[in-house]
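# Structure assessment
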Amino acid sequence: MVMGEIMERELIKISVRNLVEFILRKGDIDNRISKVVEKEAMQLGSKIHRKIQKKMSSSYHAEVPLKILLHMEKYDLQLEGRADGIIKEEEITIDEIKGVFCALEQIEKPKIVHLAQAKCYAYIYGKQKTLEKISVQMTYCNLETEEIKRFKETYQLKELEIWFNHLIDEYKKWADFQTDWKKKRNTSIKEVDFPYTYRKGQKELAISVYKTILRKKKLFIQAPTGVGKTMATVFPSVKAVGEELGEKIFYLTAKTTTRTVAEQGFQLLKKRGLKCKVITLTAKEKICFCEEKECNPEKCMYAKEHYDRVNDAVYDMITTTNDMSRENIELYAQKHKVCPFEMSLDVALWVDVVICDYNYVFDPNAHLRRFFSDEVKGKYIFLIDEAHNLVERGREMYSATIFKEEFLEAKQIVKNLDKKLERKLDICNRELLEFKRTCEKCKIYKSLGQFSISMINLFMELERFMEECEKSEVKEKLLEFFFHVRTFLNVYDILDENYTIYAELDADGKFKLKLFCVNPAANLQKCLEKGSSTIFFSATFLPIHYYKQLLSVEKEDYAIYVSSPFEQKNREIIIGSDVSSKYIFRNEQMYKKIALYIMKMLEVKKGNYIAFFPSYQFMENVYKVLEENRLDKTKYLLQEKMMSEEKREEFLGEFSKKRNGNLLGLCVMGGVFSEGIDLTEERLVGVFVVGTGIPQICHEREILRKYFEEKNGKGFEYAYVYPGMNKVLQSAGRVIRTEKDRGIILLLDERFLQRKCQEIFPKEWTDVKTSDLDSVSKYIEEFWK
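Note that the structure is predicted; figures quoted are calculated from it, not measured.

## Looking at the overall build of the chain
- Of the regular secondary structure elements, the chain holds 27 helices and 26 strands.
- Here the chain has a C-alpha radius of gyration of 30 Å; the compact-globule value for 785 residues is 28 Å, and the two agree.
- Each principal axis of the C-alpha atoms in the chain carries an extent, and together these give about 95 × 70 × 50 Å.
- Counting only residues that meet the buried cut, the chain has 56% of its 785 residues in that class.
- Of the contacts made within the chain by residues no fewer than 6 positions apart, 78% connect residues no fewer than 24 positions apart.
- Accessible area of the chain: about 35,300 Å², with a carbon and sulfur share of 48%.
- Taking the 130 positively charged and 123 negatively charged side chains of the chain as two groups, their mean positions are separated by 3 Å.

Structural data, given as structure tokens:
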């Protein structure tokens, strides 16, 4: 449990480890060595624990669960944990085992938080067994050499009791705050009502969300724009928290725009009387006070002694304001001279709602350990917005790639500095060379063989080197490679039937080896199990069975389809049947024909339009034709690769300007402008969707196709058709955002007439018209009449 999980009868539960790490932390933020090495030591430490425990005598009892219930004035506080070992001989000894990478002679005494953890277990056990004295043993083990160093001390139980009570007193103000705030929050939740008149289908949707949370299930929601799905998921989730069906809401998004919508939803409820602390986690790069993002006490004044001050900063903020905005986080961070990013993560422990990117929950390299480490589980409600994005994001987060060239570069960096590390790098490089010799373009492997062992050995040496090396510039050059190796091994540890191992020669001649997560569902499930209920929702969750298979492993998940609340007469959908974006048809004649479709629409109805294309090259080829046949009073805007946030805002800003001519935005399907933007009423009157969005054929897509062909006989659909059609539906969804909007969707590809595409059309698309270049003007004119 994290920082106190409040349950029925005012019981607060907290783990021993979380308590001591929270109350007793001191010192600097330093990303140069400590966090990297310490985290790896913790992950590998569990293996060494088991090894040491097996070697002990019969008097050694391993992994002993311990807990104590403390009766406070307003609530009961339950402290719980698991002692690594209890040695029952003439004297009782609590053994706490820690794996380290540093040389043991560097450890002169136990680390304060390590010893505190053991002392807590000693007090709990001694109290329960009414002992007068008890010993504490700290066992440090070097993870490379398996050499052991022990520190042992005997305590009188009365002495431990005084120390323990002081520790609990330090935590008491936090638990008092949590209990008092919970009462205020839950009282306000009972009073708050739905802030709007329910739209068509919205009340049923909200009821479904509440029932799903009540039953601790998952729900997949296909709900088009206009249903009000944000409030229909947020409101019942807040109500569920008030009924103690959940303790915290995580609102997860893939894009900044959807984060803003969520913030506005909670803000509206707060205006209606809801007492609720909501934080949006901002990326470190954006919220950092320093120009150079170097998190160490030498380069950053906020990193220096951060942990000495951060608890005071957090307590100050959560007890004096309900405004957890970025501006306020920065204000309190400045006031207390702490890192605003790290402070925001600590504030998240004490709020009711966390709005953040997917990676804070799912990414094994970035998730919030405060909530999602192995021993942590809570009554969290996950609201996952635009969840169709989670398929590809999940694949990225749970895959790992290494390049042979990286090993040669790393070897050059450490040349003449560490012969042992050089040898390990050389071994891995030679083994990768063998992979390369047997790989012409792309090759799939059943296992990594000896290479996995070589990588583990290399990583141990890298850990040691990073700990011991005093040349900061060398460590800095090596850090990215270090992370790549670490990620590769972490993914290797979870390899299963959902993965494919393959090697490939890139177009630039680089040789890569990839652990490719083909189906991320099992890995996502492990994260979602940390909470109690999950709501997936999207305007383009079609076909639903595809997303259910790739986002969940459970067969009994719920799914609902919410129909569009908008009148069909307000929009026209036309398929251009005499054009195609197939590669074999891509020529000057086809580009001209597509340009003519666009020009005909603009000639009939002056206004703002967006045309979505399958690639930048295709877009530029059509644009060239449009320029050569430029219409009067028509402005063209082209999406650029890697547009800055400022340029994106300028692009969208053009659609709000008044003009007496046409504006045509030329964009790429699946890009930044194809989802998450709202151009209502006259700001957008039509979209052109060129092509079915099918991804380019490549080795990875073919791996997906073969995998799912074997699994369910739908390889081509899973690898190409469904991902492509999602881009189409997202692009088409830019027009008709409110009940006042009117507009046309022109689907330009004869493949839209095929059954496999039309099966994915939303249910409301029952009146799709088919046209050619000669007759399209007639349909457009009829609609605008």
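## Notes on the pairing of strand S17 (residues 511-517)
- For S17, the buried fraction is high: 7 of the 7 residues fall into the buried class.
- As judged from the 4 bridges shared by strand S14 (residues 400-403) and S17, these two strands associate in the antiparallel manner. Its bridge partner lying in S17, Phe-403 is registered against Lys-512.
- In the sheet, strand S16 (residues 499-505) pairs with S17 via 7 bridges, with the strands oriented antiparallel. Residue pairing in the sheet places Tyr-499 in a bridge with Cys-517 of S17.
- Counting the residues in the hairpin turn of S16 and S17 gives 5 residues, including Gly-509, whose phi is positive at 90 degrees.

## A word on the packing of aromatic side chains
- All told, the structure shown has 42 aromatic pairs when counted by the stated rule.
- Seen from their ring centres, Phe-651 and Phe-655 are 6.0 Å apart, and the 40 degrees between their planes marks the pair as tilted.
- An aromatic cluster is built from Phe-220, Phe-536, Phe-541, Tyr-546, Tyr-547, Tyr-707, Phe-708, Tyr-718 and Tyr-722, whose rings are joined through pairwise contacts.
- The ring of Trp-181 has Lys-277 sitting right over it, with the charged end atom 4.3 Å from the ring centre.
- Between the NZ or CZ atom of Lys-605 and the centre of the ring of Trp-784, over which it lies, the distance is 4.6 Å.

## Overview of the pattern of salt bridges
- Applying the stated rule across the entire model yields 45 salt bridges.
- When the shortest N-O distance is used, the salt bridge between Asp-357 and Arg-259 registers 3.6 Å. Taken together, the positions of Asp-357 in strand S12 (residues 353-357) and Arg-259 in helix H7 (residues 256-271) put the pair 98 residues apart, joining distant regions of the chain.
- Using a relative accessible area of 14% as the deciding quantity, one classes Arg-259 as buried.
- Connected via shared salt-bridge partners are Asp-418, Lys-420, Glu-461, Arg-464 and Glu-468.

## Remarks on the packing of helix H16 (residues 419-437) against helix H17 (residues 450-468)
- For the pair H16 and H17, interaxial distance at closest approach is 9 Å and the crossing angle is 155 degrees. With respect to their mutual orientation, H16 and H17 come out roughly antiparallel. Handedness of the H16/H17 crossing: left-handed. Two secondary-structure elements touch here, H16 through Lys-420, Leu-421, Lys-424, Leu-425, Ile-427, Cys-428, Glu-431, Leu-432 and Phe-435 and H17 through Gln-450, Phe-451, Ser-454, Met-455, Asn-457, Leu-458, Glu-461, Leu-462, Arg-464 and Phe-465.
- Classifying every residue of the contact of H16 with H17 gives 11 nonpolar, 3 polar and 5 charged.

## A closer look at the pairing of strand S13 (residues 380-384)
- Within S13, 5 of the 5 residues are buried, which leaves the element mostly enclosed by the surrounding structure.
- As judged from the 5 bridges shared by strand S9 (residues 248-253) and S13, these two strands associate in the parallel manner. Note that in S13 the partner of Phe-250 across the bridge is Phe-382.
- Looking at chain direction, S13 and strand S18 (residues 533-538) are connected through 4 bridges and run parallel. Across the sheet, the residue bridging to Leu-383 is Ile-535, located in S18.

## Thoughts on the sheet that holds strand S26 (residues 769-771)
- Read from one edge to the other, the open sheet built from 7 strands follows the order S22-S23-S21-S24-S25-S20-S26, with strand pairing classed as parallel. Either end of the sheet is taken by a strand with one partner, and the two such strands are strand S22 (634-638) and S26. Going across the sheet, the axis of each strand differs from the next one's by a mean of 20 degrees, ignoring polarity.
- When S22 meets strand S23 (residues 662-668), the two strands line up parallel, connected through 5 bridges. The partner of Leu-637 across the bridge, within S23, is Gly-665.

## A look at the sheet that holds S18
- Taken in spatial order, the 8 strands of this open sheet run S11-S10-S12-S9-S13-S18-S8-S19, and their pairing is parallel. Each edge of the open sheet is held by one strand with a lone partner, namely strand S11 (323-324) and strand S19 (558-561).
- Against the sheet, helix H20 (residues 544-551) makes contact with strand S8 (218-222), S18 and S19, and its axis sits at roughly 145 degrees relative to S8, the strand it touches most.

## Here we look at the packing of helix H15 (residues 404-413) against helix H18 (residues 472-493)
- Viewed as axis vectors pointing N to C, H15 and H18 meet at an angle of 150 degrees, and their least axial separation amounts to 10 Å. Between H15 and H18, the angle is such that the two are roughly antiparallel. Our pair here, H15 against H18, has a crossing hand that is left-handed. Of H18, the residues touching H15 (which contributes Glu-406, Phe-407, Ala-410 and Ile-413) are Val-474, Lys-477, Leu-478, Phe-481 and His-484.
- Residues belonging to the contact of H15 with H18 are distributed by class as follows: 6 nonpolar, 1 polar and 2 charged.

## Points about the environment of Ser-775
- Inspection of the secondary structure puts Ser-775 in the loop between S26 and helix H27 (776-784).
- At a separation of 2.9 Å, a polar atom in the side chain of Ser-775 contacts the side chain of Asp-772.

## Quick look at H15
- Taken residue by residue, H15 has Lys-404, Glu-406, Phe-407 and Ala-410 as its buried positions. The buried residues of H15 occupy one face: seen down the axis, they fall within an arc of 155 degrees. The exposed residues of H15 that point more than 90 degrees off its buried face are Glu-409 and Gln-412.
- Residues of H15 that are buried in the fold lie against S14, H16, H17, H18 and S17.

## Quick word on the nonpolar core
- Formed by 187 residues in total, the largest nonpolar core has its most connected members in Tyr-171 and Phe-362.
- In this structure, Phe-362 is in contact with Leu-252, His-367, Ile-384, Leu-390, Met-397, Tyr-398, Leu-524, Cys-527 and Leu-528, ignoring residues within four places of it in sequence.
- Formed by 36 residues, the second largest nonpolar core is a distinct cluster that contains Met-599, Phe-618, Leu-626 and Leu-666.

## Details of the side chain of His-306
- In this fold, His-306 is placed in helix H9 (residues 306-320).
- Setting aside its immediate chain neighbours within four residues, His-306 contacts Gly-27, Asp-28, Ile-29, Val-338, Cys-339, Glu-342 and Met-343.

The rules behind these values
- Residues numbered from 1 in each chain as written.
- Predicted model: local features only at pLDDT ≥ 70, side-chain atom pairs only at ≥ 80, totals over all residues.
- Heavy atoms only, no water.
- Helix = DSSP H or I, 4+ residues; strand = E, 2+ residues; numbered from the N terminus.
- Rg over C-alpha atoms; globule rule 2.2 N^0.38 Å.
- Buried < 20%, exposed > 50% of the residue type's maximum accessible area, 1.4 Å probe, protein only.
- Contact = heavy atoms within 4.5 Å.
- Areas by Shrake-Rupley, 256 points an atom, 1.4 Å probe, with all protein chains shown as cover.
- Lys, Arg positive; Asp, Glu negative; His and termini not counted.
- Charge placed at Lys NZ, Arg CZ, Asp CG, Glu CD.
- Pairing = 2+ DSSP bridges.
- Phe/Tyr/Trp six-rings, centres within 6.5 Å; stacked < 30°, edge-to-face > 60°.
- Lys NZ or Arg CZ within 6 Å of the ring centre and 35° of its normal.
- Salt bridge = Lys/Arg side-chain N within 4 Å of Asp/Glu carboxyl O.
- Axes fitted to C-alpha atoms, helices over the stretch in contact; angles between N-to-C directions.
- Parallel < 35°, antiparallel > 145°, perpendicular 65-115°, else oblique.
- Left-handed = near helix turned anticlockwise from the far one by under 90°.
- Nonpolar A, V, L, I, M, F, W, Y, C, P; charged D, E, K, R; others polar.
- Polar contact = N/O pair within 3.5 Å; in protein donor to acceptor, adjacent residues only side chain to side chain.
- Arc of directions from axis to C-beta.
- Core = buried A, V, L, I, M, F, W, Y, C linked by side-chain atoms within 4.5 Å.

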